[in-house]
Each structure stands twice: as C-alpha cells, then as structure tokens.
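For reference, the chains in residue letters:
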Amino acid sequence: VSDLEKVPVKIVHKDSSINIYNLILFDFDRSDLNPTNKRIADFIDSEIRDDASVQVIGHTDRIGNDDYNKRLSDARAKTTAAALKNKNVEAFGVGEENLLYDNTTPEGRFYCRTVQVIVRQKN
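Residues numbered from 1 in each chain as written. Predicted model: local features only at pLDDT ≥ 70, side-chain atom pairs only at ≥ 80, totals over all residues. Heavy atoms only, no water.

**Q** If you had to explain helix H2 (residues 66-84) to someone new, which residues and values would you point to?
**A** With 19 residues, H2 should cover 27 Å at 1.5 Å per step; its first-to-last C-alpha distance of 27 Å lies within 8% of that length. Of all the positions in H2, only Asn 69, Leu 72, Ser 73, Asp 74, Arg 76, Ala 77, Thr 80, Ala 81, Ala 83 and Leu 84 are classed as buried. Residues of H2 that are buried make contact with helix H1 (35-47), strand E2 (53-58), strand E3 (89-93) and strand E4 (115-122). Positive backbone phi, approximately 60°, marks Lys 85, located one or two places after H2. (Helix = DSSP H or I, 4+ residues; strand = E, 2+ residues; numbered from the N terminus. Expected span 1.5 Å × (residues − 1). Buried < 20%, exposed > 50% of the residue type's maximum accessible area, 1.4 Å probe, protein only. Contact = heavy atoms within 4.5 Å.)

Quick look at the structure:
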C-alpha cells in the first residue's frame, strides 16, 4: 500500500460556491465602465442568481492622495455594482489600503485599478 492510499479523505458536501472576478480594469483616474468593461459586467451579471450575495470591492493604485483614492475606489465599486443590477450587492472602496499588485511598476499600478466582484451562491 502506497503512502497516498493511506491518506484519510473526508468528503464534504458543497452547499454554496464563491466566484471571484478580477476582470474589470479602469483607466487612470476614472470610475466609469468603458464598453469592454460593460460587457464583462453583463457577463458577471448573467452568472448571478437572484438569491446570491455579491460584494464589489473597489481598488486604486498608490498614485495620489489617500482620501481621493478612497473616494475613487468607492465610485468604481458603486459603478460596477449598478451595472450588475443585483439587489443583494454591497459595494465599497478600499483605495490604496490593500494594494493587489506591486506598485513600483506601471503594470502593477494598472492592475490595481480594478474591482473585485465576489459572488456567494447556494448550490
């Protein structure tokens, strides 16, 4: 008997799922959805059932004033939440408080100009 055959396995029934989307990227200093991002939001919206809970978290890069970035990230989250058309959406921004990527490079700053859409649904 190999070591792998001795590993105990516990089967857990899934009763819910969590999907996290990080596909929407904003232009510098913008909170509006361009046509590409609108299509992405429409796709995400089509995947969300009415009984799901959705959290939209806005982010920014570290360029600029902390307070301004907080307001900008909040606007990004609320713009995206409005595009999702789901009644169970919580939207808020964290600004540059939680940088998702390295901000010492232009690419890292670009990828920080985003929202995370977290969808929790019962199976």
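Next comes the rest of the write-up.
**Q** Can you explain the environment of Lys 70? Please cite residues and give values.
**A** Relative to the helices and strands, Lys 70 is located in helix H2. Overall, the relative accessible area of 37% leaves Lys 70 in the partly exposed class. With 24 residues separating them in the primary sequence, Lys 70 and Val 94 have C-alpha atoms 5.8 Å apart. Setting aside residues no more than four positions away along its own chain, Lys 70 makes contact with Gly 93, Val 94 and Gly 95.

**Q** Could you give an account of the packing of aromatic side chains, with specific residues and numbers?
**A** Taken as a whole, this structure holds two aromatic pairs when the rule is applied. Arranged with centres 5.8 Å apart and planes meeting at 55°, the rings of Tyr 101 and Tyr 111 form a pair that is tilted. Of this pair, Tyr 101 sits in the loop between E3 and helix H3 (106-112) while Tyr 111 sits in helix H3, placing them ten residues apart in sequence. With a relative accessible area of 41%, Tyr 111 lands in the partly exposed category. An aromatic cluster of three or more residues is present, and its members are Tyr 101, Phe 110 and Tyr 111. (Phe/Tyr/Trp six-rings, centres within 6.5 Å; stacked < 30°, edge-to-face > 60°.)

Everything listed here is a matter of geometry and, on its own, says nothing about what the molecule does.
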